[in-house]
Amino acid sequence: MTKWLWRTMRLVVCLSACGLLSACTPEPSAPKGQKGTRLVVAADGLPFGEEWRQDFTFADMDGDGERDLITAPPRKSKDAWPRIFLRKQNGWEAITCPGGSRNGFPAKDYNYGGVAVADFSGDGKPDIALAMHEIGLRLFFNVGTGPCGPWEEQANLPDGVTQFRSRSLVSADMNRDGRFDIVFLSEAPPMNANTDATGGIGILWNETSGWRVQTITGSEGLFGDDLSIGEVNGDGVPDIAVGSLSDIRPEFLWLSNGNGEWRAASAEGLPSNMIAWSVHLIDFDNDGKDELLLGVGGAPIYKNGGPRVYRWDGTRWQDLSQGLPQVLWVCGATAVDFDQDGRKEIVTAEMYTGIVKVYGQQPDGKWEERQEIKEEKFSQVRNYKVRSFRTKSGEDFIVANYAGEAFGTITAWLWQ
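Residues numbered from 1 in each chain as written. Predicted model: local features only at pLDDT ≥ 70, side-chain atom pairs only at ≥ 80, totals over all residues. Heavy atoms only, no water.

Engineer: It is not clear to me how the pairing of strand S6 (residues 113-118) should be interpreted in this structure. Could you clarify?
Structural biologist: The side chains of a regular strand alternate between both faces of the sheet. With six of six residues buried, S6 is to be regarded as a mostly interior element. Both S6 and strand S7 (residues 127-132) contribute to a ladder of six bridges, which runs antiparallel. Bridge pairing in S7 links Ala-116 to Ala-129. (Buried < 20%, exposed > 50% of the residue type's maximum accessible area, 1.4 Å probe, protein only. Helix = DSSP H or I, 4+ residues; strand = E, 2+ residues; numbered from the N terminus. Pairing = 2+ DSSP bridges.)

Shown next, in the form of structure tokens:
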């Protein structure tokens, strides 16, 4: 972590300790038969107590058609391996694997970090990729028949990848060949480390001859904790968004040229001194091209912290954040069209207050707050991610993870 980020985090902790917290207010559910109007807690079966950082994802792990929750190992856990929570009708269910140690995962070193799930092997079963703090990238194939595996670590990854410092990765078919690739991003370097010639954005290409690694030219020294894949410039090739945590490198978007190369979009139109704890590429205006949703942090004097939405017009950024707060310490952010009216809502979680907010977009494009949830039990811990998914029956879930130095949790809300 850089010195600037360390000072920033200390400031947030001080604000939390000084009592700038809100009391818990339970949220009533909407009456049956009415259109959903708010988020209500739906966390039965999710873990409470361990330090749940850095990331999680969703995939159908047991073949029932519902998306389940897969997390990276919790920090400092005695049971340090990936966790799977199945989505059931009345809540969540942590998988248990009788007769198998470590829920089917091999005896290896594990740590918190990023996680991605896809059928990397092409056998029709979900596999798990991890980017673990201080350990590197690892890939586990499911050689069994269900969520208990057993999971077999792949030993054919390039050496530079297995030692790569990262805690953020995503899976996507980056060249449209029908095979899932892996995109990863450097984490913050150790203090006093040289950041000019190492790290950046990498792609692990899943080719018929094996795995091949590519480092994106120009991204060296870039670091962060979040990635997103989408389509911004309309060329049919995925673009890459990164949550840059260097306020002198607002290189949040990397545009494809259609020939296996990417370049950073200009920062023209963005405020100065921005960092992004979270990043998403989401089509807000339904034109087939994605906009950039950021969970922005930074020193309060710059008045540019909070959820932000920007559109790339091919030359510069257009700010679509009207009505969103100028200064708000958020980390996770996501967007969902809860009420199916063609306009997506934004959901954000603040870092050390336990507050979650929902913002709706008005017909004139301005955002306004629609709901605030106050969770007092989360007021001493930091939010890391907020992600969303829709069930096969059309229900929208929001999931968030939290961690402090000795406590954390994963929780969820359902739109009703």
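Engineer: Explanation requested: the state of the cysteines in the structure shown.
Structural biologist: Disulfides are covalent bonds that link the sulfur atoms of two cysteine residues. Following the criterion strictly, the structure yields one disulfide and no others. One disulfide in the model links Cys-97 with Cys-148; its S-S distance is 2.0 Å. Residues Cys-97 and Cys-148 are joined by a disulfide whose S-S torsion is about -90 degrees; by sign, that bridge is left-handed. Of the two residues, Cys-97 is situated in the loop between strand S5 (91-94) and S6 and Cys-148 in the loop between strand S8 (136-146) and strand S9 (149-153); the sequence distance between them amounts to 51 residues. (Disulfide = S-S within 2.5 Å.)

Engineer: I keep staring at the pattern of salt bridges and nothing clicks. Help me out?
Structural biologist: Side-chain pairing between opposite charges can occur once the charged atoms of the two side chains come close. Inspection of every chain in the model, using the stated rule, returns 26 salt bridges. Salt bridges linked by common partners bring Glu-51, Arg-75, Lys-76 and Glu-405 together as one network. (Salt bridge = Lys/Arg side-chain N within 4 Å of Asp/Glu carboxyl O.)

Engineer: Explain unusual backbone geometry to me, please; I cannot follow it from the model alone.
Structural biologist: A negative phi holds for most residues other than glycine; trans holds for most peptide bonds. Omega for the bond connecting Arg-53 with Gln-54 falls within 30 degrees of zero, at 25 degrees, which places this linkage in the cis form. In this structure, Gln-54 sits in the loop between strand S1 (39-41) and strand S2 (56-59). The omega torsion of the bond from Gly-149 to Pro-150 falls at 10 degrees, within 30 degrees of zero and hence cis. With respect to the helices and strands, Pro-150 occurs in strand S9. Positive phi outside glycine occurs at Asn-286, with the angle close to 60 degrees.

Engineer: Can you help me understand the nonpolar core in this one?
Structural biologist: The nonpolar side chains of a soluble globular protein tend to be buried, and buried together. Met-61, Ile-70, Tyr-110 and Ile-128 are the most contacted members of the largest nonpolar core, which totals 20 residues. For this core, the secondary structure elements donating two or more residues are strand S4 (83-88), S6 and S7. Per-element tally for this core: the top contributor is S7, with three residues. Formed by 17 residues, the second largest nonpolar core is a distinct cluster that contains Phe-252, Leu-255, Ala-276 and Val-296. (Core = buried A, V, L, I, M, F, W, Y, C linked by side-chain atoms within 4.5 Å.)

Engineer: I would appreciate a short explanation of the sheet that holds strand S18 (residues 275-282) in the present structure.
Structural biologist: Backbone hydrogen bonds are what pair the strands of a sheet, in a parallel or an antiparallel way. Strand order in the open sheet made by the four strands is S18-S19-S20-S21, with antiparallel pairing throughout. Taken across any chain shown, the strands that pair with only one partner, and hence form the sheet edges, are S18 and strand S21 (317-319). Strand-to-strand twist in this sheet, taken as the mean axis angle between neighbours without regard to direction, amounts to 30 degrees. (Axes fitted to C-alpha atoms, helices over the stretch in contact; angles between N-to-C directions.)

Engineer: Looking at this structure, how should I read the packing of aromatic side chains?
Structural biologist: Working definition: an aromatic ring pair is given by the centre-to-centre distance plus the angle between the planes. Under the defined criterion, the tally for this structure stands at 18 aromatic pairs. Ring centres of Trp-92 and Phe-397 lie 5.9 Å apart, and the angle between their planes is 75 degrees; on these two criteria the pair is classed as edge-to-face. Of the two residues, Trp-92 sits in strand S5 while Phe-397 sits in strand S27 (residues 396-403), which places them 305 residues apart along the sequence. A single burial state applies to Trp-92 and to Phe-397, both of which are buried. Look at Phe-389 and Phe-397: their rings are 5.3 Å apart centre to centre, the planes differ by 5 degrees, and that puts the pair in the stacked class. Each residue in the set Phe-56, Phe-58, Trp-92, Phe-389 and Phe-397 is aromatic and connected to the rest through ring pairs, giving one cluster. Directly above the ring of Phe-378 sits Lys-377, whose terminal nitrogen or CZ lies 5.0 Å from the centroid. Arg-382 extends its terminal NZ or CZ atom over the ring of Trp-277, reaching a point 4.4 Å from the ring centre. (Phe/Tyr/Trp six-rings, centres within 6.5 Å; stacked < 30°, edge-to-face > 60°. Lys NZ or Arg CZ within 6 Å of the ring centre and 35° of its normal.)

Engineer: I keep staring at the side chain of Glu-231 and nothing clicks. Help me out?
Structural biologist: Mapped onto the secondary structure, Glu-231 falls in the loop between strand S14 (224-230) and strand S15 (239-244). In this structure the side chain of Glu-231 is engaged in a polar contact, spanning 3.3 Å, whose partner is the backbone nitrogen of Asn-233. In this structure Glu-231 touches Gly-236, Val-237, Asp-239, Gly-288, Lys-289 and Asp-290, once residues within four positions along its chain are discounted. (Polar contact = N/O pair within 3.5 Å; in protein donor to acceptor, adjacent residues only side chain to side chain. Contact = heavy atoms within 4.5 Å.)

Engineer: I would appreciate a short explanation of the sheet that holds S1 in the present structure.
Structural biologist: Here four strands make up an open sheet; going across it, the order is S1-S28-S27-S26 and the pairing antiparallel. Looking at strand neighbours, the two that pair on one side only are S1 and strand S26 (382-390), the edges of this open sheet. Across this sheet, the average inter-strand angle for adjacent strands is 25 degrees, counted without regard to direction. Of the strand pairs in this sheet, S1 and strand S28 (residues 408-415) are connected by three bridges, and their pairing is antiparallel. Opposite Val-40, over in S28, you have Leu-414 as the bridge partner.

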